[in-house]
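# Chain and residue survey
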Amino acid sequence: MPQKPSIPKGTRDFSPAEVARRNYIIQTIKKHFEVYGFQPIETPSFENSDTLMGKYGEEGDRLIFKILNSGDFISKVDDVTYSSKKSSSLLPKISEKALRYDLTVPFARYVVMHQNEIDFPFKRYQIQPVWRADRPQKGRFREFYQCDADVVGANSVLQEAELIQLYDAVFTDLKLVGSTIKLNNRKILSGIAEVIGAQHLLIDFTVALDKLDKIGEEGVRKEMLAKGISELAIEKAAPLFTMSGSSLEQLTQLKSLLGESEIGMQGVAELEEIITTVEAVGLKTANLQVDVTLARGLNYYTGAIFEVSAPEGVSMGSIGGGGRYDDLTGIFGLKDVSGIGISFGLDRIYLVLEALGLFPEHLDKSIDVLCINFGAKESLASLKLISQLRENGIKAEVYPTATKMQKQMKYANNRKVPYVILIGEQELANGEFVAKNMDTGEQETYSMDSIAAFTEKL
RNA sequence: GUGGUUGUAGCUCAGUUGGUUAGAGCGCCUGAUUGUGGUUCAGGAGGUCGUCGGUUCGAGACCGAUCUUCCACCCCA
């Protein structure tokens, strides 16, 4: 036998049972997206490189899968570039396309390209795979699905509140009780950087701050210092390290800290409005929590930032994230279009539901009825019966060959078929069929003329 | 991209300081049971020990490379 085939690192095959479970999650998310008024679009799996490159920071560029040009691409490279052996200068000459890295940037490109056909505010959702040339870990793949909902062309904070409700609705429907939606605002982070005199180091500051729960206050101070933030500045920011209390209490503390920063106060005001709105409407099972250390996410966020973490006890990175971006379409030449979006991480939600045993049982069921095959004449009668069942939307099939009954029953058992139908010589002669309930083992005889009596039981 | 870790039957895993023919449980197949699955009993099949190379009289075990898994960074869903 030749070498066993394999699939690339960080990719997966999905069995029928896994697909059924994934579809269950997707259907749930889709249902709520539509109830909230979002419309689906799809975009190509690969884009022109210049659409993607530079949109996710330096780190992001490294993680984008590049697609090699077609044809004899290497002969078209000039000798100087070729012999320089520098990937950065060689890359644009041999690769002009790349696999999409997320759904937000392609969406911004879509909005700009179709701006004349779109009615704003435009609410779209998109459920498609994305690719990252990352090193895989648990819940971290090189090919995975994002489920995004975005609104562009409206900048009321009502949207923020609605999207928080949407998170709550989806996770409640999935029975994932106790998820936490963390909320922050980029303007608050900017304001703090301004107040402590470290605007130019905003990214370094926020990245370090984000690690607070992981490496502790000492670790964060150390990292900030290493990035060139002065001791005095860090001391000014110190209240952040120990901030606690309810969301509104934290906002009060922020107000005193940010009093001199216009942008910071604006961020606080936005958060306050979002929180009071959400509290007025109420959430079903999710917790909403202000977290000033929340900074993850991409450079293009300008206002609210969201991140959802699984209920306590499940170790999994974030299962969703999003935020407001005021000028994403500006990169592609369309100014003054504010957008806000959230993303659900399908693959991680799957792992969380599995860990907590929250998938409904019926997902395993592939068919409702299996007919035992007793031979040519009998199976013909079975086929007629099955046809009628199928017309009633019942998933049914006849075992294809007349092998031993034991084998057929075992097959039915393994496929978790709830009912097995038997039409043998005896039944055929009497114009009847026997239905066996595979759970209880009980059998009942029905007339071929009145299948309704049977279908009612399903 | 950096450092570490894992790989043995379809699945989960044993396998002693390197020593004859590599094991278990579950699953699968056959029979007890020619019209009845799940439970039970008896028997059976299934492995170039991730791959390639090296050390050795001898390698599943030691060394190197490579692929893969998981983990910590980086970053992120």
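Residues numbered from 1 in each chain as written. Chains lettered and ligands numbered in written order. Predicted model: local features only at pLDDT ≥ 70, side-chain atom pairs only at ≥ 80, totals over all residues. Heavy atoms only, no water.

### Regarding the sheet that holds strand β2 (residues 46–48)
The strand order β2-β4-β3 describes an open sheet built from 3 strands, whose pairing is antiparallel. Two strands lie at the open edges of the sheet, namely β2 and β3 (66–68), each paired on one side alone. Put simply, the sheet's adjacent strands are angled 40° from each other on average, direction ignored. Bridge count between β2 and strand β4 (residues 95–99): 3 bridges; the pairing is antiparallel. For N48, the partnering residue across the bridge sits in β4 and is K97. Along the sheet, helix α5 (residues 87–94) contacts β3 and β4; its crossing angle with β4, the most-contacted strand, is approximately 90°. (Pairing = 2+ DSSP bridges. Helix = DSSP H or I, 4+ residues; strand = E, 2+ residues; numbered from the N terminus. Axes fitted to C-alpha atoms, helices over the stretch in contact; angles between N-to-C directions. Contact = heavy atoms within 4.5 Å.)

### A word on helix α1 (residues 16–35)
Helix length check: α1, at 20 residues, gives a terminal C-alpha distance of 28 Å against a target of 28 Å (1.5 Å per residue), a fit within 8%. For α1, the elements touching its buried residues are β5 (122–131), β6 (143–152), α7 (158–173), β11 (339–345) and α14 (346–355). Just downstream of α1, G37 is the residue with a positive phi angle, here 90°. (Expected span 1.5 Å × (residues − 1).)

### Comments concerning the domain arrangement of chain A
Per the domain assignment, the segments making up chain A are domain 1 (16–64 + 101–356) and domain 2 (365–455). Distance from the C-alpha centre of domain 1 to the C-alpha centre of domain 2: 52 Å. (Domains from an automatic or database assignment.)

### Observations regarding the packing of α7 against helix α13 (residues 262–281)
Between α7 and α13, the shortest axis-to-axis distance is 9 Å and the interhelical angle comes to 45°. The orientation of α7 relative to α13 falls into the category oblique. For the crossing formed where α7 meets α13, the hand is right-handed. The segment α7 lies against α13, with L158, E160, A161, I164 and Q165 engaging I274, T277, V278 and V281. (Parallel < 35°, antiparallel > 145°, perpendicular 65-115°, else oblique. Left-handed = near helix turned anticlockwise from the far one by under 90°.)

### So, the pattern of salt bridges
With the rule as written, the count across this model stands at 19 salt bridges. Between D347 and R12 there is a salt bridge, with its nearest N and O atoms 2.8 Å apart. Linking D347 in helix α14 with R12 in the segment before α1, this pair joins segments that are 335 residues apart in sequence. The salt bridge involving R124 is made with D150; its shortest N-O contact spans 2.8 Å. Taken together, the residues R124 in strand β5 and D150 in strand β6 connect sequence positions 26 residues apart. (Salt bridge = Lys/Arg side-chain N within 4 Å of Asp/Glu carboxyl O.)

### Some words on the packing of aromatic side chains
All chains considered together, the criterion is met by 19 aromatic pairs. A ring pair is formed by Y300 and Y325, whose centres lie 6.1 Å apart and whose planes are at 80°; its orientation type is edge-to-face. Remark: Y325 occurs in strand β10 (residues 320–325) and Y300 occurs in the loop between β8 (287–290) and β9 (304–309); sequence separation between them is 25 residues. As far as burial versus exposure is concerned, Y300 and Y325 are alike and both buried. Among the aromatic residues, ring-to-ring pairing joins F33, F38, Y125, Y167, F171, F306 and F344 into one connected group. Over the face of the ring belonging to F141 we find R12, whose NZ or CZ atom lies 3.6 Å from the ring centre. (Phe/Tyr/Trp six-rings, centres within 6.5 Å; stacked < 30°, edge-to-face > 60°. Buried < 20%, exposed > 50% of the residue type's maximum accessible area, 1.4 Å probe, protein only. Lys NZ or Arg CZ within 6 Å of the ring centre and 35° of its normal.)

### Quick notes on the packing of α1 against α7
Helix-helix packing: each pair is described by the crossing angle between the helix axes and the interaxial distance. At a minimum axis separation of 10 Å, α1 and α7 run at an interaxial angle of 145°. Here the hand of the crossing between α1 and α7 comes out right-handed. Together, Y24, T28, I29, K31, H32 and F33 of α1 and L166, A169, V170 and D173 of α7 make up the contact between the two elements. Among the residues making up the contact of α1 with α7, the classes are represented as 6 nonpolar, 2 polar and 2 charged. (Nonpolar A, V, L, I, M, F, W, Y, C, P; charged D, E, K, R; others polar.)

### Some details on the nonpolar core
Of all hydrophobic cores here, the largest spans 78 residues; its most connected members are I25 and F344. Residue contacts for I25: discarding those within four places in its chain leaves L174, L346, I349, Y350, L353 and F359. Of all hydrophobic cores here, the second largest spans 22 residues; its members include V112, I118, V152 and Y300. (Core = buried A, V, L, I, M, F, W, Y, C linked by side-chain atoms within 4.5 Å.)

### Some words on the protein's contact with RNA strand B
Around RNA strand B lies a shell of 43 residues, among which K138, R140, R296, S318 and Q443 are the nearest. Here a phosphate oxygen of RNA strand B sits 2.6 Å away from a polar atom, N or O, in the side chain of K404. A distance of 2.4 Å is found between a base nitrogen of RNA strand B and a side-chain nitrogen or oxygen belonging to Q443. Of all elements in the fold, only α3 (57–63), β6, β10, α16 (405–414) and α17 (425–430) reach the threshold of two or more residues within the surface near RNA strand B. Here the element with the most residues in the surface near RNA strand B is α16; it accounts for 6 residues. Here the residues of the surface near RNA strand B are counted per class, giving 10 nonpolar, 16 polar and 17 charged. (Near = heavy atom within 4 Å. Polar contact = N/O pair within 3.5 Å; in protein donor to acceptor, adjacent residues only side chain to side chain.)

### Focus: α16
All buried positions along α16 are accounted for by Q408, M409 and A412. Considered in projection along α16, the buried side chains sweep an arc of 95° and stay on one side of the axis. Among the exposed residues of α16, those pointing more than 90 degrees away from its buried face are Q406, K407, K410 and N414. Phi turns positive, to about 55°, at K416, one or two residues after α16. (Arc of directions from axis to C-beta.)

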